[in-house]
Amino acid sequence: MPTTVTMTVNGKTVSREVEERTLLVNFLRDKIGLTGTHVGCDTSQCGACVVHLDGNAIKSCSILAVQAEGASVTTIEGLAAADGTLHPMQAAFKEHHGLQCGYCTPGMVMSAVDLAKRNPSLTEQQVRQGLEGNICRCTGYHNIVKAVLAGADAMQAGAGERQPAEMAAD
Amino acid sequence: MYSFSFHRPKTLAEAASIQGGLEEPKLLGGGMTLVPTLKQRLARPSDLIDLSQIPELKGIRETAEGLEIGAFARHAEVAASDLVRRTIPALADLAGHIGDRQVRNLGTMGGSIANADPAADYPAAVLALKSTVKTDRREIDGDAFFTGMFETALEPAEIVAAVRYQRPGKAAYAKFRNPASRYAVVGVFVAVFGSEVRVAVTGAAGSVFRATELESALAADFRPEALEGITVQRDDLNADIHASADYRAHLVTVMAKRAVVACG
Amino acid sequence: MANPSGIGASVRRVEDARFLTGRGNYVDDINRPNQTHCILVRSPHAHARILGVDASEALQAPGVIAVFTGADMGADKVGSLPCGWQVHFKDGTPMKEPPHFPIACDRARYVGDIVAAVIAETRDQARDAAELVMVDYEELPAVASSLKALEPNAPIVHDEAPGNVCFDWHIGDAAVVDAAFAGAAHVAKLDLINNRLVPNPMEPRAAVGDYDASSGEHTLYTTSQNPHVIRLLMGAFVLGIPEHKLRVVAPDVGGGFGSKIFHYGEEAIVTWAARKLGRPVKWTSDRSEAFLSDAHGRDHVSHAEMAMDKDGNFLALRVSTIANMGSYLSTFAPSIPTYLYATLLAGQYKTPAIYAEVKAVFTNTAPVDAYRGAGRPEACYLIERMVDVAAGVTGIDRAELRRRNFIPVEAMPYLTPVALQYDSGDFAKNLDIALPMVDYAGFAARKADSARRGKLRGIGLSTYIEACGIAPSNIAGALGARAGLYESAEVRFHPTGSVTVFTGSHSHGQGHETTFAQIVADRFGIPIENVEIVHGDTSKIPFGMGTYGSRSLAVGGSALVKAMDKVERKAKKIAAHMLEAAETDIEVKDGRFTVAGTDKSLGIGDIALQAYIPHNFPLDELEPGLDEQAFYDPKNFTYPNGCHVCEVEIDRDTGVVEIVNFAAVDDFGHVINPMIVEGQVHGGLVQGIGQALYENCVYDEDSGQLITGSYMDYCMPRADNVPSFTVKYHEDQPCTHNPLGVKGCGEAGTIGASAAVINAVVDALSEYGVTHIDMPATPEKVWQILRQGSPAAMAAE
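Owing to the predicted nature of the structure, the values given are computational and were not obtained by experimental measurement.

J.: Would you mind showing me how to read the environment of E155(B) here?
T.: All names here are of chain B. Residue position: E155 is located in the loop between β9 (151–152) and β10 (160–166). Taking relative accessible area as the criterion, E155 reaches 40% and is therefore assigned partly exposed. Residues E155 and P9 lie 146 residues apart in sequence; the distance between their C-alpha atoms is 20 Å. The contacts of E155, once residues within four sequence positions are left out, are R137 and R138. A polar side-chain atom of E155 sits 3.4 Å from a polar atom in the side chain of R137.

This is the structure in structure tokens:
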């Protein structure tokens, strides 16, 4: 039975007709055309689909679009500033070569931003544990961990200086 | 996923009544088990009743005996709650080690115990912390709540509203995780109430259980050494490619020792 | 360094801009107008006769457009998926090569074998309808393990292959080896299993078929590492589409690790169905489907023996391996346990005599083919475990025994007894660098400290050599390859001096858009921003073989250099004309063309402009334009090598192994981008560690059902399973036969790591009398050893 779902995605209100069985990730990819959020598994483990829902990192493959009715969603496309300036975490992933094939990257970055927001002073161990819900097959995690630590520092340093679109959206 | 209809009641009463005329309704908590199950087409409910908009199911409250936690409390919320960390820190610790961070941001306590997955963490707390499960229609003694693998004392359409946990003198939860799925291969919750010691074990068998051999040993001598050489004697321990029954039995003792150490 | 983005600089990656902002373009991101969706009905049985497929109910379901079976494809004369390498039995007869149709016709041979394709307006509708396709199966006995498949009364997977033997092949001189064993002072023996793995690139496979009736042109968008190979195999052998009417596009691809080299049935199905229906057809794999249907890796059972003299000098190695091919021969399957495995069994050692025999076996499991390393990890693991066992037998320190048997650097080039000629490598140097990195000498103190904390500690070495860039084509052809093994490149200077490079290599994480651009920027002294690398689309790039076997830089990079040589030669002629000098007087450096001894010079940009606006141009002698193409066929393999050291701690209570230190020293020849190279090493190491400690593909032996069919049971290494690494490389031993002096770095980490980890685990457990443990060394497996008690304790009882 098709139904209409309305939510805020990357700061914009969107409304689409969907089947009730539509997952949030498919809503984002197929209905809104935001294909940056990926699907890497079907058991809620790989984290390629991580987005922020009302400011919390969640796996968009494990929630129905109708469950996100009225919510605010931020995807990887909504992370950089309006002028294209990369979010400090995105910039850190580039600087520290925290990505190779790029497929896990959107979920990894969204998880990392959430992790850094909640923990002002992360340790390597906390980063490794904090990313247990995101699988990367390319990097061996070494450079992802470096990137997240650097990105978290940059977020700390930049806090108060500017409000990334993502923060405002949350 | 098969097609279904979706409902979002605003009150507990509405959630209860709405189910009346439906063919095969299913309650949706955080969905961390149900949605993947639907994706795999392993269930075919006619309707999903989303419990996320019901204020009565939310909140964490201090009670005279301990805590009352609303069924819709997300794991991350329990893990981060100052009240829980102050009152029953072992419970916050347990909630903070369920699944991964993203799962904890959606998964709910009520969903976890109603599903009664043999490898879920919360059932160990329910059993160890002398709890009472409040539903939309009655109160169920936590000791009698879990009746088997994926089975509980809940009647059809009955909705878990909250769980009341009693504050122990000390408690800790130690888990040995499945390296792949990260569910508990064995999770042991040790709680001390005066002279009574409760040792609840999840993951090891078809349903959560209390390890009476370990409880009596610890009641006599609350030190890890007291568990030396004691192994749970059960013939219903789980076995899979990750852990044989023997290994699980061994891990129960090891995790119990670690929980005792963590109790301080 | 002349150019800040030239060779040797850790240039930040060009491709990251799109990947970090969600603007990558993966196959599942592609949607064609009027597109339909395909869901495949797969056999739930490991072995069954297909008595009938009834699609009548499915065809009535909402949105369903068609249901296709093997018979439908057969009626269109769709061919078998070809195998790209023919191996022979010991007696010279060719391997058994049963047909492998995209949709199974009469028999399903593994769980996941395709039996029907359902095409509908939406993916959900196709999935709904797929459940309504009634397949009448007659279940047959199945066999999943290679050993059981060789038993006398085993179920037969293919009637064409009696005893389930695909081939029984050998290499080396058995008589010489036997003689060496007869005179040996010590013999070390080892039985081991190289466990089956599922490659698991994070992007599941996907394919979109499109057909333009007006032009008769087919387009296939696919998750491939080598689009031209797919075009050739699918066009020529399966669907009968000539190359000029078939375009294959592999856009951004989310990792491959070998599993996206092969031509899969799904590609043929969507391409064929798109024409049949006159509408685009899209198929995207679920992860669960990927577990069933992606080609798996490894799955060897081996017995090995090493003969030594009294001083531990290796005299001879004898190896017997049974390799599981799965149910059908995947594209390059036969080459993996033969020419990419047994030829590497000399390792870094001067063992004078080696004999290996390999029996390849059909089973009712998914096809097995190349997975990162592809044969070489199996060889390295076997040798490096063997050396540790040999050290135990002789009582010689493991590092010392290796050193004693290394091929000395002075012996290069060195011809091994198993047909390879190593061109360069200083193995002792690798070891000398590696050991201090982990404070090898201080290990005993660390072990004692661990013991005080109730833990076991072990250290393990692995000194690997591998072979990249299979070549040359004529030799490979003589050994059974049915494809060329060169690479292509086109360097197109544009009038205003920017450059587009078209490469036959394919990047799916390796960063070619950056590395290849560095090579061009370096050569012509231009900013990297002025260079664009194009790959992955057969309508744009010259015929290329794609990316696998760590070949891109060594082969594709060499083709790029050859094309740049041609550009430079032509530019030099143009410069001579413009500068009114003899060509022999023109000196070229960093893209500047100078008349020797003068200050008269031109930049490559000036020359490019003149090449396209040839007003002052030697038109009698040269064509206009500055656009050159080259193919490069290597003279030999390249031989990356190195030394990995792993240190582990083991929890005695739980059996959990923790890697506490891991160091890798690698010789990749020259390095273009150190940042990218180190990243390749890190990722490779974790795949090797994954095999050693976590990953295992398990089929139920009786039913042939895949037990580890998702991330719930197949343990992927996560961030908290592995440490940070200490990685070094040296450039003292460049490849001697390619223009960049490069060797390849994509697989090295995976090849070396598993043995280092298991050698460390066995070392930690040695006080329990353990000499070997099969991978993965799971907590329970380790605990089962520990629960037996230490030898000392047992002796005391």
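Right, picking up where we left off after that structure.
J.: Sorry, what's going on with the nonpolar core here?
T.: Across soluble globular proteins, you tend to see nonpolar side chains buried next to one another. In this structure, F93(A) and L345(C) are the most contacted members of the largest nonpolar core, which totals 194 residues. Looking at which element gives the most residues to this core, the answer is helix α19 (residues 748–765) of chain C, with 12 residues. Counting residues in each nonpolar core, the second largest holds 49 residues, with F493(C), F516(C), L579(C) and F617(C) among its members.

J.: What's the story with the pattern of salt bridges in this structure? I'm lost.
T.: Oppositely charged side chains can form a pair if their charged atoms are brought close together. Applying the stated rule across the entire model yields 94 salt bridges over all chains. A salt bridge links E68(B) to R164(B), with the shortest nitrogen-to-oxygen separation between them at 4.0 Å. One end of the pair, E68(B), is in strand β5 (residues 66–70); the other, R164(B), is in strand β10, with 96 residues separating them in the sequence. Linked by salt bridges that have partners in common, D439(C), R446(C), D449(C), R452(C), R453(C), R457(C), E647(C) and E649(C) make up one network.

J.: Help me out: how do you make sense of the sheet that holds strand β21 (residues 531–534) of chain C in this one?
T.: Two pairing modes exist for strands in a sheet, parallel and antiparallel, and in both the strands are linked by backbone hydrogen bonds. Residue and element names in this part refer to chain C. With mixed pairing, the 4 strands of this open sheet are ordered in space as β21-β20-β19-β25. Two strands lie at the open edges of the sheet, namely β21 and β25 (627–632), each paired on one side alone. Pairs of neighbouring strands in the sheet enclose a mean axial angle of 15°, with direction left out of account. Bridge analysis of strand β20 (residues 499–503) against β21 gives 4 bridges, and the strand direction is parallel. Across the sheet, the residue bridging to F502 is V534, located in β21. Taken strand by strand, helix α15 (residues 512–524) contacts β19 (487–493), β20 and β21, and its axis lies near 135° from that of β21. In the packing of helix α16 (residues 552–579) onto the sheet, contacts are made with β19, β20 and β25, and the angle to β25 comes to roughly 140°.

J.: What is the right way to read the packing of aromatic side chains from this model?
T.: Aromatic ring pairs are reported here in terms of the distance separating the ring centres and the angle at which the planes meet. Scanning all chains against the criterion turns up 23 aromatic pairs over all chains. Taking 5.0 Å as the distance between ring centres and 85° as the angle between the ring planes, the aromatic pair formed by F145(B) and F146(B) counts as edge-to-face. Relative accessible area serves as the criterion here: at 12%, F146(B) is assigned to the buried category. Each member of the aromatic cluster is reached from another via a ring pair, and the members are F314(C), Y349(C), F406(C) and F427(C). Geometry around Y2(B) places R41(B) over its ring, the cationic atom sitting 4.5 Å from the centre.

J.: Sorry, what's going on with the domain arrangement of chain C here?
T.: By a widespread convention, an interface's size corresponds to the accessible area lost as its parts come together. Residue and element names in this part refer to chain C. Along its sequence, chain C is organised into domain 1 (16–22 + 486–632), domain 2 (31–140 + 205–284) and domain 3 (300–394 + 402–470 + 636–796). Look at where the C-alpha atoms of domain 1 and domain 2 centre, and you get two points 39 Å apart. Each partner contributes to the roughly 1,400 Å² buried at the junction of domain 1 and domain 2, and carbon and sulfur atoms together form 55% of this total. It is H508, T538 and F543 that lose the most area in domain 1 upon contact with domain 2, and together they represent 42% of the buried surface on that side. Between D537 and R247 there is a salt bridge, with its nearest N and O atoms 2.7 Å apart. One can count 12 residue pairs in polar contact (both at pLDDT 80 or more) joining domain 1 with domain 2. For the side of domain 1 that touches domain 2, a count of residues per class yields 6 nonpolar, 8 polar and 2 charged.

J.: When you look at the interface of chain A and chain C in this model, what are you seeing that I'm missing?
T.: On the side of chain C, 53 residues touch chain A, which itself brings 45 residues to the contact. Summed over both partners, the interface of chain A with chain C buries about 4,200 Å², with 53% contributed by carbon and sulfur atoms. Between chain A and chain C we count 6 salt bridges in total. Between R137(A) and E695(C) there is a salt bridge, with its nearest N and O atoms 2.7 Å apart. The interface formed by chain A and chain C holds 29 residue pairs in polar contact (both at pLDDT 80 or more) in total. Partitioning the side of chain A that touches chain C into residue classes produces 17 nonpolar, 17 polar and 11 charged.

J.: Is there a simple way to explain the packing of helix α10 (residues 245–263) of chain B against helix α20 (residues 779–787) of chain C in this structure?
T.: Each pair of packed helices can be described by the angle between their axes along with the distance between the axes. Viewed as axis vectors pointing N to C, α10(B) and α20(C) meet at an angle of 80°, and their least axial separation amounts to 11 Å. Classified by the interaxial angle, the pair formed by α10(B) and α20(C) is roughly perpendicular. Seen from α10(B), the contacting residues are D246(B), Y247(B) and H250(B); seen from α20(C), they are P779(C), E780(C), W783(C) and R787(C). Residues of the contact of α10(B) with α20(C), tallied by class, amount to 3 nonpolar, 1 polar and 3 charged.

J.: Before we go on, may I ask you to explain the side chain of T21(C) in this structure?
T.: Within the fold, T21(C) resides in the loop between α1 (16–19) and β1 (36–42). What makes T21(C) buried here is its relative accessible area of 11%. Dropping the residues within four chain positions of it, T21(C) is found in contact with I76(A), E77(A), L86(A) and Q90(A).

J.: Help me out: how do you make sense of the interface of chain B and chain C in this one?
T.: Contacts between the two partners involve 23 residues from chain B and, on the opposite side, 24 residues from chain C. Buried surface at the junction of chain B and chain C, both sides included, amounts to about 1,900 Å², of which 48% is carbon and sulfur. On the chain B side of the interface with chain C, the three residues burying the most area are R41(B), R182(B) and Y247(B), jointly 28% of the side's total. Applying the counting criterion to the chain B and chain C interface returns 7 salt bridges.

J.: Where do I start with α15(C) in this structure?
T.: In an α-helix there are 3.6 residues to a turn, and that puts residues three or four apart on one side. Residues and elements named next belong to chain C. Helix length check: α15 (13 residues) gives 18 Å between terminal C-alpha atoms against 18 Å at 1.5 Å per residue, within 8%. Here α15 lies mainly inside the structure; 11 of its 13 residues are buried. G525 sits one or two positions beyond α15 and adopts a positive phi of about 65°.

J.: How do you make sense of the confidence of the model for chain C when you look at a structure like this?
T.: Any segment with low pLDDT has predicted coordinates that should not be analysed in fine detail. Residue and element names in this part refer to chain C. The pLDDT averaged across chain C works out to 96; a share of 99% of its residues lies at or above 70. With pLDDT under 50 throughout, residues 791–797 is counted as low confidence; its partners more than four residues away or in other chains account for 5 contacts. Interface scoring of the predicted complex returns ipTM 0.96; its pTM is 0.97.

Reading the values: rules and limits
Residues numbered from 1 in each chain as written. Chains lettered and ligands numbered in written order. Predicted model: local features only at pLDDT ≥ 70, side-chain atom pairs only at ≥ 80, totals over all residues. Heavy atoms only, no water. Helix = DSSP H or I, 4+ residues; strand = E, 2+ residues; numbered from the N terminus. Buried < 20%, exposed > 50% of the residue type's maximum accessible area, 1.4 Å probe, protein only. Contact = heavy atoms within 4.5 Å. Polar contact = N/O pair within 3.5 Å; in protein donor to acceptor, adjacent residues only side chain to side chain. Core = buried A, V, L, I, M, F, W, Y, C linked by side-chain atoms within 4.5 Å. Salt bridge = Lys/Arg side-chain N within 4 Å of Asp/Glu carboxyl O. Pairing = 2+ DSSP bridges. Axes fitted to C-alpha atoms, helices over the stretch in contact; angles between N-to-C directions. Phe/Tyr/Trp six-rings, centres within 6.5 Å; stacked < 30°, edge-to-face > 60°. Lys NZ or Arg CZ within 6 Å of the ring centre and 35° of its normal. Domains from an automatic or database assignment. Buried area = accessible area lost by both parts, 1.4 Å probe. Nonpolar A, V, L, I, M, F, W, Y, C, P; charged D, E, K, R; others polar. Parallel < 35°, antiparallel > 145°, perpendicular 65-115°, else oblique. Expected span 1.5 Å × (residues − 1). pLDDT = per-residue confidence, 0-100.

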